[in-house]
Amino acid sequence: ARAAGPLSVRWAGAALNDDAYGRLRMEQELRHAIAAGELELHYQPQIELASGKPLGAEALARWRHPTRGMIPPDRFIPVAEECGLVEALGRFVLETAARQAAAWAGLGFRLRIAVNVSAIQLRNPAFAETALAILREADCDPSLIELEITESAAMADADHAARQLAPLRAQGVRIAIDDFGTGYSNLASLTQLPFDVIKIDRGFVRDALEHPNARMVVAAVLGLAGNLGVETVAEGVETEEQRAFVAAHGCTYGQGYLFSRPVPAESLLAWRRNQLVA
Ligand code: C2E
Ligand code: CA
Ligand code: CA
Ligand code: CA
């Protein structure tokens, strides 16, 4: 990795401040990156807590920049969203994940892949249609794909979201509500949405053992999900204590550094083989 000089600091920080010059450069480089194949997906396993088996993985975008090193998504997704690149990026991500899921299924590894969807993608009236076309082209069984929609994106226009998500779900695509607990939606309004999974935000999982309020939120969400008949993923599980706590409250899946960091596709395949043998 190359030392971060003032210019690269400025460039990397451009997404976070009003540095128009840094922002413009990043925009140009990102446009190039999507076309040049500099983006890739890493996969973080989701473990079924009852069995300990890795049944799914979340696809997380990475930018392997030729000179600036590996750039995390928090840096470039906001830029993509602001400069109209998020549709192209979203298409790349879903296509790549769908081909990967189909390829693994062909090897006998039916691993469900969860794909993040930006609020801007969801707003597109052709979102569902486009996504289903991508899955068809990739020859991917829709039930191998889960789309993660953040709670705030889903609730910004719940009627629209419900209309987009219903046809996807009818084809077998699973819908997850991401970062649950951060969007201040009331639980009654959430039940208007068709979804299969609630992902409890990492902040609550992190605080669950120390802060009584976080503990109550996690326990309440897990209880509610159980009553609604939806599955749950605890994000950011880093310790055995956190795993035991969410498992004791009926959480379906765990995802976090305790199990594995996000890794390239080849590493995930090797990792999964080891898990199943062990
Ligand atoms: P997210 O959807 O909440 O993804 C989970 C983030 O938590 C990932 O960060 C993951 O690496 C990190 N994480 C997982 N386990 C642990 C843990 O045990 N401890 C800690 N401290 N962190 C953990 P990452 O990969 O940097 O992604 C950040 C965000 O960028 C994602 O948050 C998501 O909002 C966005 N993102 C990533 N890939 C995509 C994409 O393909 N499309 C869109 N629209 N957004 C994406
Ligand atoms: Ca996510
Ligand atoms: Ca999340
Ligand atoms: Ca998050």
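Taking an unreviewed UniProt entry as the reference, the protein is identified by name as EAL domain-containing protein belonging to Methylopila jiangsuensis.

1. Focus: the overall build of the protein
Within the protein, the regular secondary structure consists of 13 helices and nine strands. When the backbone C-alpha atoms are referred to their principal axes, the protein occupies close to 50 × 40 × 40 Å. A separation of at least 24 residues holds for 67% of the contacts in the protein among residues at least 6 apart in sequence. In the form shown here, the protein has an accessible surface area of approximately 13200 Å², with 52% of it arising from carbon and sulfur atoms. The centroid of the 27 positive side-chain charges in the protein is displaced by 4 Å from the centroid of its 34 negative side-chain charges.

2. Describing the layout of surface pockets
By volume, the largest pocket is sized at about 1200 Å³. For the largest pocket, the lining is made up of 38 residues, of which E58, L60, P73, D74 and N116 are closest to its centre. Residue classes in the lining of the largest pocket are distributed as 15 nonpolar, 11 polar and 12 charged.

3. Brief notes about the site of ligand 1
The immediate surroundings of ligand 1 are formed by 21 residues, with Q44, A61, R62, E238 and Y257 found nearest. The contact in question runs from an oxygen atom of ligand 1 to an N or O atom on the side chain of R62, over 2.8 Å. Between a nitrogen atom of ligand 1 and a side-chain N or O atom of E238, the distance comes to 2.4 Å. Protein chains bury 85% of the 800 Å² of accessible surface belonging to ligand 1 in isolation.

4. Focus: empty space enclosed by the protein
Using the criterion set out here, one finds one cavity of 30 Å³ or more in the structure. Counted as a void, the largest cavity has a volume near 30 Å³. For the lining of the largest cavity, the elements supplying multiple residues, two or more each, are helix 4 (86-106) and strand 4 (112-117). Sorting elements by how many residues they give to the lining of the largest cavity places strand 4 first, with three residues. Looking at the lining of the largest cavity residue by residue, the classes come out as five nonpolar, three polar and no charged.

Definitions and cut-offs
Numbers given to residues run from 1 along each chain, matching the order in which its sequence is written. Here chains are named by letter from A upward and ligands by number from 1 upward, in the order in which they appear as written. Only residues with pLDDT of 70 or above have their local features reported here, since the model is predicted, and side-chain atom pairs are shown and tallied only from 80 upward, although totals for entire chains, interfaces and linings are computed over all residues. By convention in this description, side-chain values take in all heavy atoms of the structure and omit both hydrogens and water. A run of H or I in DSSP counts as a helix once it spans at least four residues, and a run of E counts as a strand once it spans at least two, with each numbered from the N terminus. Should any heavy atoms of two residues lie within 4.5 Å, those residues are considered in contact. Residue-level accessible areas treat just the shown protein chains as cover; the underlying method is Shrake-Rupley with a 1.4 Å probe. Note that His is not counted, nor are the chain ends; the positive residues are Lys and Arg, and the negative ones are Asp and Glu. In this description, the location of a charge corresponds to atom NZ of lysine, CZ of arginine, CG of aspartate or CD of glutamate. Here a cavity means grid points, on a 1 Å grid over the protein atoms only, where a 1.4 Å probe fits yet cannot get out; a pocket means an open set of points with protein on both sides within 12 Å along at least five of seven lines; lining residues are those with an atom within 4 Å of a point. Grid points are joined across faces, edges and corners, and a volume is the space filled by probe spheres set on the points. In this classification, the charged set is Asp, Glu, Lys and Arg, the nonpolar set is Ala, Val, Leu, Ile, Met, Phe, Trp, Tyr, Cys and Pro, and all remaining amino acids, among them Gly, are polar. We define proximity as follows: a residue is near a molecule or strand when any one of its heavy atoms falls within 4 Å of that partner. We define a polar contact as two N or O atoms separated by no more than 3.5 Å, with the added condition that, inside protein, one atom must be a possible hydrogen donor and the other a possible acceptor, whereas residues neighbouring each other in sequence contribute only through side-chain atom pairs.

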